[in-house]
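Commentary on secondary and tertiary structure
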Amino acid sequence: MASVAMNGGISADGAQRKLDAIIIGAGFSGMYQLHCLRDRLGLNAVVLEAADGVGGTWYWNRYPGARCDSESHSYCFQFSDELLTEWEWSERYPGQAEILRYMNFVADKLDLKRDIRFKTRVVGARYDEAANRWTVTTEGGETLTAKYLITAVGCLSSANVPKIPGLETFEGDWYHTGLWPHEGVDFSGKRVGQIGTGSTGIQAVPVIAQTAKTLTVFQRTANYSVPAHNAPLSPERKRELKERLAETRRTMRSTPNGHPFVIENRSVFDVDDDERLRIFEKQWEMGGLQFRAAFKDILLDKKANDEAANFLKNKIRQIVKDPETAEKLANIDHPYSTKRPPIDSFYFDTYNKPHVKLVDVRSDPIEAITPKGIRLKSGEEHELDIIVFATGFDAMTGSLLRLNITGRGGRTLSESWKAGPTNYLGLQVSGFPNLFTITGPGSPSVLCNMPVPIEQHVEWITDCIDYMRRHDVEAIEATPEAMDRWVAHVNDAANATLMPQAGHSWYLGANVPGKPRVFMPYAGGMARYRGICDDVAAKGYEGFEMTRASAMAK
Ligand SMILES: Cc1cc2nc3c(=O)[nH]c(=O)nc-3n(C[C@H](O)[C@H](O)[C@H](O)COP(=O)(O)OP(=O)(O)OC[C@H]3O[C@@H](n4cnc5c(N)ncnc54)[C@H](O)[C@@H]3O)c2cc1C
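Residues numbered from 1 in each chain as written. Predicted model: local features only at pLDDT ≥ 70, side-chain atom pairs only at ≥ 80, totals over all residues. Heavy atoms only, no water.

**Notes on the side chain of E71**
Looking at the element boundaries, E71 is found in the loop between helix 2 (57–60) and helix 3 (81–86). Take E71: its relative accessible area is 13%, and that puts it in the buried class. Only 3.4 Å separates the side chain of E71 from the side chain of R92, close enough to count as a polar contact. Ignoring any residue separated from it by four or fewer positions in sequence, one finds E71 in contact with R92, Y93, P94, R237 and Q290. (Helix = DSSP H or I, 4+ residues; strand = E, 2+ residues; numbered from the N terminus. Buried < 20%, exposed > 50% of the residue type's maximum accessible area, 1.4 Å probe, protein only. Polar contact = N/O pair within 3.5 Å; in protein donor to acceptor, adjacent residues only side chain to side chain. Contact = heavy atoms within 4.5 Å.)

**Notes on the sheet that holds strand 9 (residues 173–176)**
Taken together, the five strands give an open sheet; going across it, the order is 9-18-10-11-14, and neighbouring strands pair in parallel fashion. Two strands in the sheet have a free side with no partner beyond their single neighbour: strand 9 and strand 14 (356–360). Strand-to-strand twist of the sheet, defined as the mean angle between neighbouring strand axes without regard to direction, takes the value 20°. Along the sheet, helix 5 (residues 199–211) makes contact with strand 10 (191–195), strand 11 (214–219), strand 14 and strand 18 (386–389), crossing strand 10 at roughly 170°. The sheet contacts of helix 10 (residues 323–330) involve strand 11 and strand 14, and relative to strand 14 the element is tilted by about 55°. (Pairing = 2+ DSSP bridges. Axes fitted to C-alpha atoms, helices over the stretch in contact; angles between N-to-C directions.)

**Examining the layout of surface pockets**
The computed volume of the second largest pocket comes to approximately 510 Å³. In this structure, the second largest pocket is lined by 23 residues; those nearest its centre are P260, F261, V262, M286 and Q290. Listing elements by their share of the lining of the second largest pocket, those giving two or more residues are helix 6 (235–243), helix 7 (245–254) and helix 8 (273–286). Among the residues making up the lining of the second largest pocket, the classes are represented as eight nonpolar, five polar and ten charged. (1 Å grid on protein atoms, 1.4 Å probe; cavity = no way out; pocket = protein on both sides within 12 Å on 5 of 7 lines; lining within 4 Å. Points joined across faces, edges and corners; volume = space filled by probe spheres on them. Nonpolar A, V, L, I, M, F, W, Y, C, P; charged D, E, K, R; others polar.)

**Concerning the sheet that holds strand 15 (residues 366–369)**
The strand order across the open sheet built from three strands is 15-16-17, with neighbouring strands paired in antiparallel fashion. Looking at strand neighbours, the two that pair on one side only are strand 15 and strand 17 (381–383), the edges of this open sheet. Neighbouring strand axes in the sheet, compared pairwise and without regard to direction, differ in orientation by 20° on average. Bridging between strand 15 and strand 16 (residues 373–376) involves three bridges; their strand directions are antiparallel. Its bridge partner being in strand 16, I369 is matched across the sheet by I374.

**Topic: empty space enclosed by the protein**
Over the atoms, a rolled probe matching the size of one water molecule traces out where space is still vacant. The full count for this structure, using the stated rule, is six cavities of 30 Å³ or more. What lines the largest cavity is a set of 16 residues, among which H73, L84, W87, W89 and K242 lie closest to the centre. Listed by contribution, the elements that provide at least two residues to the lining of the largest cavity are helix 3, helix 6 and helix 7. Top element by residues in the lining of the largest cavity is helix 6. It accounts for three residues. Considering only residue class, the lining of the largest cavity consists of ten nonpolar, three polar and three charged. The space that makes up the second largest cavity amounts to roughly 90 Å³. Taken together, P421, T422, N423, P441, G442, W486, V487, V490, N491, V518, F519 and M520 form the lining of the second largest cavity.

**Section: the site of the ligand**
Close to the ligand lie 36 residues; S29, E49, D69, Y75 and M450 are nearest. At 3.0 Å from an oxygen atom of the ligand is found a main-chain nitrogen or oxygen belonging to F28. A distance of 2.5 Å separates an oxygen atom of the ligand from a polar side-chain atom of Y75. With the chains in place, 95% of the 980 Å² that the ligand exposes on its own is no longer accessible. Listing elements by their share of the shell around the ligand, those giving two or more residues are helix 1 (28–40), helix 2 and helix 14 (451–470). Per-element tally for the shell around the ligand: the top contributor is helix 2, with three residues. Classifying every residue of the shell around the ligand by side-chain character gives 20 nonpolar, twelve polar and four charged. (Near = heavy atom within 4 Å. Areas by Shrake-Rupley, 256 points an atom, 1.4 Å probe, with all protein chains shown as cover.)

**What about the pairing of strand 21 (residues 473–478)?**
Across the six residues that make up strand 21, a large majority, five, are buried. Summarising the sheet, strand 21 and strand 22 (residues 544–548) pair through five bridges and their orientation is antiparallel. Residue pairing in the sheet places I476 in a bridge with M546 of strand 22.

**Observations regarding the packing of helix 14 against helix 16 (residues 526–538)**
Between helix 14 and helix 16, the shortest axis-to-axis distance is 11 Å and the interhelical angle comes to 0°. For the element pair helix 14 / helix 16, the angle class is roughly parallel. On helix 16, the residues that touch V452, P453, Q456, H457 and W460 of helix 14 are M526, Y529, R530, C533, V536 and A537. Counted by class, the contact of helix 14 with helix 16 contains eight nonpolar, two polar and one charged residues. (Parallel < 35°, antiparallel > 145°, perpendicular 65-115°, else oblique.)

Next up, the structure:
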């Protein structure tokens, strides 16, 4: 089947072939889903992708300093030993360009591009109950139909540009980090303003500061950060990583967050003050996300968290020379790691440069963008040539809702999710048969090293479709009861941690005005989630309603 000359769902004579599955998005999720459905199950599947290349996040996010916070040997597909052995990472944390090269390597190796239609944005998807098929509409006005619809649109792919009055009057240039121009931006001799100090902002500041004439960082929420200590991988380290592929894979599958390190089985108060300080110093020297794995209760117990938080705040005070700037940076209002924890390369040190300035817009908010720059509520105006929005994404639900999905009985996904997203296992929504959402809200997704949940979701969906075909099942749909139980479990899992305490976090949708405040990712841990999904499948897809072909025909 896969050998017929096709190009993204269109056969050589221009006719549309009868598709079994439409996948939306060609990042990690969509690429692997295509491979599984096409090459393992032999389905006719096509990927529709808005960009003109593969890579998803790493296609769009080309901002200065864009780099992965997961270590390179873990931020890749684990399903194929061949891919793992053939590819060689050059640094501890891969940069955007290297990850994009990796994605193209995988796409070419698996011959995926011939079934991906690039520059094809999906603007609508409607379920036809009588035919039991999904009709997808593209921006260009084309329609394609298939039995299965799988969204691989990414959790962080819908750029969020804050609605600040006057942006259209700005006489300089402005950019969002998630929609960065491919040709790059020349900052030399320019007065640059950056809004946002999350993971992306923290990566961008040191690099923009290297060439900008001046850099003014507008900070609403001060943030913790741990040094990445990024460096090229030595030949010995490369060899060691290759020799330990199986062990790394086992660790990644057994940990709550899919990273290749284990969380220590000790509490913050199991050790005395000196020992605790020694441990934190060691973790700081090691660098990276592993800092939070030093103790098992950092995300569970506020007092334990305070110890980590105070250590990190003191580091800021030690690094930043100007006491006033240091205090603004260390004035962090949420427990450590309850927002996405950044790692950095010389972020705090950059504020010691004379041409870099921090403006606290919590105490003096941005009121407007003017033709010349940014004006604060106090009337203070900052003249700028370039504004960089490092303001993140309409996370987890944004790209899904923009698909304008209509399910059974004409009910739209936006109506179903008016009060916040609800689903079963993060994978399916009642009322939307045969629609699967890879890393939807309610999945461990963004709380993990993401290739791990992505592979698990894709494999689970593939097994489910395989089961349906072998058992003569035409449609699968989560039951409302299973969905209610899952949503309650997602809430309980979040409330067992300190994470909901970061009230302004994008995990809660708080960065987008009007978005319902719901803690979206599943905080119960990846290993536990995998167990639940396996159990559901082993029990014949418990919590899902399956409609057999015989019942459909009636
Ligand atoms: C700056 C940044 C840094 C990150 N760092 C890390 C990290 O260190 N570790 C980690 O685990 N994760 C990280 N992530 C998360 C990252 O998104 C995931 O690791 C992973 O790349 C997600 O893959 P995906 O295929 O699910 O989604 P994406 O990579 O987001 O791909 C989704 C694709 O869907 C396409 N699409 C969306 N809507 C439509 C539509 N309507 N029509 C057609 N196509 C559409 C998009 O164009 C995109 O190509 C980071 C994310 C960002 C933004």
